[in-house]
Amino acid sequence: MNTPTTGKKLTRVEKLIRAAFAELLQTKDFPKIKVSEIISRAEVSRSAFYAHYLDIYDLIGQIEQELFDGVQTRMQQVQASGTEYRTCRDESEITGKYESTYFEYIQEQRIWWELFMAGKGRADFVQRLTHVIFTQLWESAQRWRDPKDPSIPQMTSLVMASWTYVGVISYWLETGMKESPLDMGRGLAVYWYRFLYPG
């Protein structure tokens, strides 16, 4: 049994529970999955499940939050590292080395991203992911913005950029992750370069 994780240190029991849950999500809608099915497939006791999770909603909620935290952490790291598109002379100099960390993380957590982005978890996962990305972009814009610069992205622009991230992630997952994380990172960095410095 494969053990999908989100990067959090998991106990052996948590790994078994999450692996069973991921398998069930591939064939059943989330609301129809019962704790009894998870513990049967994971071969753990009911008390072992409840020692880690309040219920199935707590289980999926913890996994989702870990994914959101992972994206947010990587966005903060990229923003702190000084992205290439702010310092390069033209887009041919952009490598995508910083932005590729988003895609490396998604690749590491592939099973969860494929399931949740395909609507196999809670219906509002994509909407909440977009909100996490928007919040991080908004905070970043407030740090580097020049109040005298009229080209600063406004709220609408940041909303569109947030949905662009989500669309790029969806595309990559739906096409079987054919491009490397570095190629995807470069594409995202070039997008930002063109967005911030049109013409």
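Quick caveat, the model's predicted, so the values are computed rather than measured.

Quick word on empty space enclosed by the protein
One pass over the full model with this rule turns up 2 cavities of 30 Å³ or more. Contributing to the lining of the second largest cavity are G70, V71, R74, Y102, Y105, I106, I133, Y165 and I169. When residues of the lining of the second largest cavity are traced back to their parent elements, those giving at least two are α4 (56-81), α5 (100-108) and α8 (155-174). Tallied by class, the residues present in the lining of the second largest cavity amount to 7 nonpolar, 1 polar and 1 charged.

Thoughts on the side chain of E14
As for its position among the elements, E14 is in helix α1 (residues 12-25). For E14, a relative accessible area of 7% puts it in the buried group.

Some words on the confidence of the model for the protein
Averaged over every residue, the pLDDT of the protein is 86; residues scoring 70 or more account for 85%. Within the protein, the element-level pLDDT minimum falls on helix α9 (residues 181-196), averaging 83, and the maximum on helix α2 (residues 35-42), averaging 97.

Parameters at a glance
- Residues numbered from 1 in each chain as written.
- Predicted model: local features only at pLDDT ≥ 70, side-chain atom pairs only at ≥ 80, totals over all residues.
- Heavy atoms only, no water.
- 1 Å grid on protein atoms, 1.4 Å probe; cavity = no way out; pocket = protein on both sides within 12 Å on 5 of 7 lines; lining within 4 Å.
- Points joined across faces, edges and corners; volume = space filled by probe spheres on them.
- Helix = DSSP H or I, 4+ residues; strand = E, 2+ residues; numbered from the N terminus.
- Nonpolar A, V, L, I, M, F, W, Y, C, P; charged D, E, K, R; others polar.
- Buried < 20%, exposed > 50% of the residue type's maximum accessible area, 1.4 Å probe, protein only.
- pLDDT = per-residue confidence, 0-100.

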